[in-house]
Amino acid sequence: MQDVQSTQDTVRPKRPLLAWFDVRSRKLGSWAFALNRLTGLGLVLYLFLHLVILSLLLRGEAGWDAFIKLARSPLFLLMDAVLIFGIIYHGLNGIRVGMVGLGYGVRAQRGLFWTLMVIGAALLVASIWLVFTI
Amino acid sequence: MQNATANQRENGAAGGLWLLQVISGALLIAVLGLHMFAHHFVVEGGLRNYQDVLAYVASPLIVAVELVFLIVVTLHAILGLRAILFDLGLSAKAEKTVNIVLTVIGVGAAGYGIFLALALHALAR
Amino acid sequence: MTKEITFKVFRYKQGDPAPHYDRFTVPCDENTTVLIAMQDIRRDQDPTLMLRHSCHHASCGTCGMRINGKEELSCVVKVLDLGTPTVTVEPLENLPLISDLVVDMTGFYQRYTAARMPYIRQSEFNPGAEPPEGIDRYTRYENCIECGLCLSACPVAGSDAEYLGPAAMAAAWRAVEEPRNGDGKHALNWVDNEHGCWRCHIAFECSEVCPSNVDPAAGIMNLRRKLTGSSLLRLFGIKR
């Protein structure tokens, strides 16, 4: 299987978390990647949590409506805002990752990022306003 | 050095799965957007109470859309986790194990979600 | 104008339990490069300091280091331009350490060779230039100086020891783009696996640090486009 030499270093073993998330002295692309990874992991966690919470519905009215009451507390709404940020960022940066990854707009990737982020900021503000007013 | 490539790595599914991740991501933008609106943004208080949920899932069309969403989002999540784990530079054996474990988790989660949706739909009728 | 600059230099010798940092103070003027400062330290303060270098003008690609955490050719980085009172100097990441600032480039070169890139390419610059008598046209060589900065800066190379890496895949793309002696299929096949072009997560650090504007990230994306294109065609039963 191995057709290239390993770049493993016994003195300095690989530290994946630092490699992915230590963005000091790194540029936009690394920030975008690190944040994409963080939001992705958060969203996966949320997906499973979401499925577990939905199972309350099978236990009847009392359980679900009690949860709804809890979910409308300010702390939960704040967490909703974080969740929506994650969705919007991951989705919009995902458009860039998909396009650039297919070879489109490679040289325009920075402009693409900021354009998408401006759209994202507007969507985020609108969504958070909805979360707290609806 | 030409023989450095004599034992070429297996191509495997890397490219196909990467493309699947892009396609499922693109689909998610549409379906998750729909989900957010239909479930939260157009609903008084952002969440339906028990009776309203049941009334809502009585529609087979709603259930169908939710099932598509469920399958696409689970696929995207599992492929994402796979990419992160594969980034760790796993051995061929570990890669196989990750594939199996993630498939089980993905099928399990999607299966449970399908059961949930169908059970609620049945409850509503 | 001369200024006393402190250098915090990464140190390691074979057999040491762990690496450490040594501090050296070097008088630097506006022309002192980091490489010169390292050579000054070696000459005046510590002859055991190991480093690699050759040309002193960004052509040979041997003096790559991490300067204040960023991959650079140390021969063209002026110390005072950095603007920090202490300058941290470390060896490149993602290649095995030999000693102090020297890493083992074997894995890097081996990947590069495996991509089978032709070193001579069509000269696309100055097509109107009139070559001297006796020469048909100018010969252009590849831009990549094989310095390894891209591999050091890559977050994926930082976690996957078998990742082919930016330089090798940029070379593979060159072999596809201008195949010369082959058809480029070898290179496409070589990058099409879990440790090849699909592993990249477009952090673009390789292209950011490349001192020769090779833009390895674009090369990797082009490989993907080519592979996706042909796999989509295959899906519809068209072979190319």
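Residues numbered from 1 in each chain as written. Chains lettered and ligands numbered in written order. Predicted model: local features only at pLDDT ≥ 70, side-chain atom pairs only at ≥ 80, totals over all residues. Heavy atoms only, no water.

*Asks:* Give me the overall build of chain C: which residues, what numbers.
*Replies:* Tallying secondary structure elements over chain C gives eight helices and nine strands in all. In terms of its C-alpha atoms, chain C occupies a principal-axis envelope of roughly 65 × 55 × 30 Å. The buried share of chain C, reckoned over its 240 residues, is 55%. Across chain C, the fraction of contacts at a sequence separation of at least 24, relative to all contacts at a separation of at least 6, is 60%. (Helix = DSSP H or I, 4+ residues; strand = E, 2+ residues; numbered from the N terminus. Buried < 20%, exposed > 50% of the residue type's maximum accessible area, 1.4 Å probe, protein only. Contact = heavy atoms within 4.5 Å.)

*Asks:* I'd like to hear about the nonpolar core, residue by residue, with values.
*Replies:* By size, the foremost hydrophobic cluster in this structure holds 94 residues, and its most contacted members are Phe7, Met38, Trp190, Val191 and Leu223 of chain C. If we ignore the near neighbours within four places in the chain, the residues touching Met38 of chain C are Phe7, Val9, Leu49, Leu51, Met65, Val89 and Leu101 of chain C. Counting 18 residues, the second largest nonpolar core, distinct from the first, contains Phe67 of chain A together with Val57, Ala109 and Leu120 of chain B. (Core = buried A, V, L, I, M, F, W, Y, C linked by side-chain atoms within 4.5 Å.)

*Asks:* I'd like a rundown of the domain arrangement of chain C, residues and numbers included.
*Replies:* Residues and elements named next belong to chain C. Annotation of chain C at the domain level lists domain 1 (3-103) and domain 2 (106-235). Computed from C-alpha atoms alone, the centre-to-centre distance between domain 1 and domain 2 is 28 Å. Domain 1 puts 15 residues into the contact, and the matching count from domain 2 is 15 residues. When domain 1 packs against domain 2, the two sides together hide about 1000 Å² of surface, and 58% of this comes from carbon and sulfur. Per-residue buried area on domain 1 facing domain 2 is highest for Glu71, Asn94 and Leu95; these three make up 48% of the total on that side. Inspection of the domain 1/domain 2 interface yields zero salt bridges. Put simply, domain 1 and domain 2 have five residue pairs in polar contact (both at pLDDT 80 or more) between them. Looking at the side of domain 1 that touches domain 2, the elements with two or more residues in it are strand E3 (64-67) and strand E4 (70-73). Among the residues forming the side of domain 1 that touches domain 2, the class breakdown is six nonpolar, four polar and five charged. (Domains from an automatic or database assignment. Buried area = accessible area lost by both parts, 1.4 Å probe. Salt bridge = Lys/Arg side-chain N within 4 Å of Asp/Glu carboxyl O. Polar contact = N/O pair within 3.5 Å; in protein donor to acceptor, adjacent residues only side chain to side chain. Nonpolar A, V, L, I, M, F, W, Y, C, P; charged D, E, K, R; others polar.)

*Asks:* Explain the interface of chain A and chain C to me, and be specific about the residues and the numbers.
*Replies:* Taken together, the contact pairs 33 residues of chain A with 44 residues of chain C. Across the interface of chain A and chain C, roughly 3300 Å² is buried in total on both sides, 53% from carbon and sulfur atoms. Looking only at chain A, the three residues that lose the most surface to chain C are Thr7, Arg12 and Arg26 of chain A, adding up to 20% of its buried area. At the junction of chain A and chain C, the tally comes to five salt bridges. For Glu208 of chain C, the salt bridge is made with Arg110 of chain A, and the minimal N-O distance between the two is 2.8 Å. Counting every contact that joins chain A to chain C gives 17 residue pairs in polar contact (both at pLDDT 80 or more). Of all the secondary structure elements, the ones that give two or more residues to the side of chain A that touches chain C are helix H1 (16-21), helix H2 (28-54), helix H4 (74-101) and helix H5 (109-133) of chain A. Residues belonging to the side of chain A that touches chain C are distributed by class as follows: 11 nonpolar, 11 polar and 11 charged.

*Asks:* Go over the pairing of E3 of chain C with me, naming the residues and quoting the values.
*Replies:* Remember that side chains alternate between the two faces of the sheet whenever the strand is regular. All names here are of chain C. Burial of E3 is two-sided: the residues Gly64 and Arg66 facing one way and the residues Met65 and Ile67 facing the other way are all buried. Looking at chain direction, E3 and E4 are connected through four bridges and run antiparallel. Along E4, the bridge assignment pairs Arg66 with Glu71. What sits between the antiparallel neighbours E3 and E4 is a turn of two residues, in which Asn68 has the positive phi angle 50°. Note: E3 against strand E5 (residues 86-90), two bridges, orientation antiparallel. (Pairing = 2+ DSSP bridges.)

*Asks:* Explain the confidence of the model for chain B to me, using residue names and the numbers behind them.
*Replies:* All names here are of chain B. Taken as a whole, chain B shows an average pLDDT of 86; of its residues, 92% reach a score of 70 or greater. Mean pLDDT in chain B bottoms out at helix H2 (residues 50-57), which sits at 82, and peaks at helix H3 (residues 60-86), which reaches 93. With pLDDT under 50 throughout, residues 1-7 is counted as low confidence; its partners more than four residues away or in other chains account for 13 contacts. (pLDDT = per-residue confidence, 0-100.)

*Asks:* Could you give me a rundown of a nonpolar patch on the surface, with the residues and numbers involved?
*Replies:* A contiguous nonpolar surface patch, about 350 Å² in accessible area, is contributed by Leu58 of chain A together with Tyr112, Phe115 and Leu123 of chain B. Relative to the elements of secondary structure, Leu58 of chain A occurs in the loop between H2 and helix H3 (61-71). (Patch = residues over 30% accessible without salt bridge, like charges linked within 9 Å, V, L, I, M, F, W, Y side chains within 5 Å. Areas by Shrake-Rupley, 256 points an atom, 1.4 Å probe, with all protein chains shown as cover.)

*Asks:* Go over the packing of H2 of chain A against H4 of chain A, please, and point to the residues and values.
*Replies:* Residue and element names in this part refer to chain A. Between H2 and H4, the shortest axis-to-axis distance is 9 Å and the interhelical angle comes to 130°. Judged by the inter-axis angle, H2 sits oblique to H4. The way H2 lies across H4 gives a crossing that is left-handed. Every residue of H4 that contacts H2 at Gly29, Trp31, Ala32, Leu35, Asn36, Thr39, Gly40, Leu43 and Tyr46 is listed here: Leu83, Phe85, Gly86, Ile87, Tyr89, His90, Asn93, Gly94 and Arg96. (Axes fitted to C-alpha atoms, helices over the stretch in contact; angles between N-to-C directions. Parallel < 35°, antiparallel > 145°, perpendicular 65-115°, else oblique. Left-handed = near helix turned anticlockwise from the far one by under 90°.)

*Asks:* Go over the interface of chain B and chain C, please, and point to the residues and values.
*Replies:* Contact residues are listed per partner, giving 20 residues for chain B and 21 residues for chain C. The contact between chain B and chain C buries some 1900 Å² in all, and 52% of this surface belongs to carbon and sulfur atoms. Across the pair Arg199 of chain C and Asp87 of chain B runs a salt bridge, and its minimum N-O distance is 2.5 Å. Seen at the junction of chain B and chain C, the total is seven residue pairs in polar contact (both at pLDDT 80 or more). When contributions to the side of chain B that touches chain C are tallied by element, the ones reaching two or more residues are helix H1 (14-41) and H3 of chain B. Top element by residues in the side of chain B that touches chain C is H1 of chain B. It accounts for four residues. Grouping the constituent residues of the side of chain B that touches chain C by class yields nine nonpolar, six polar and five charged.

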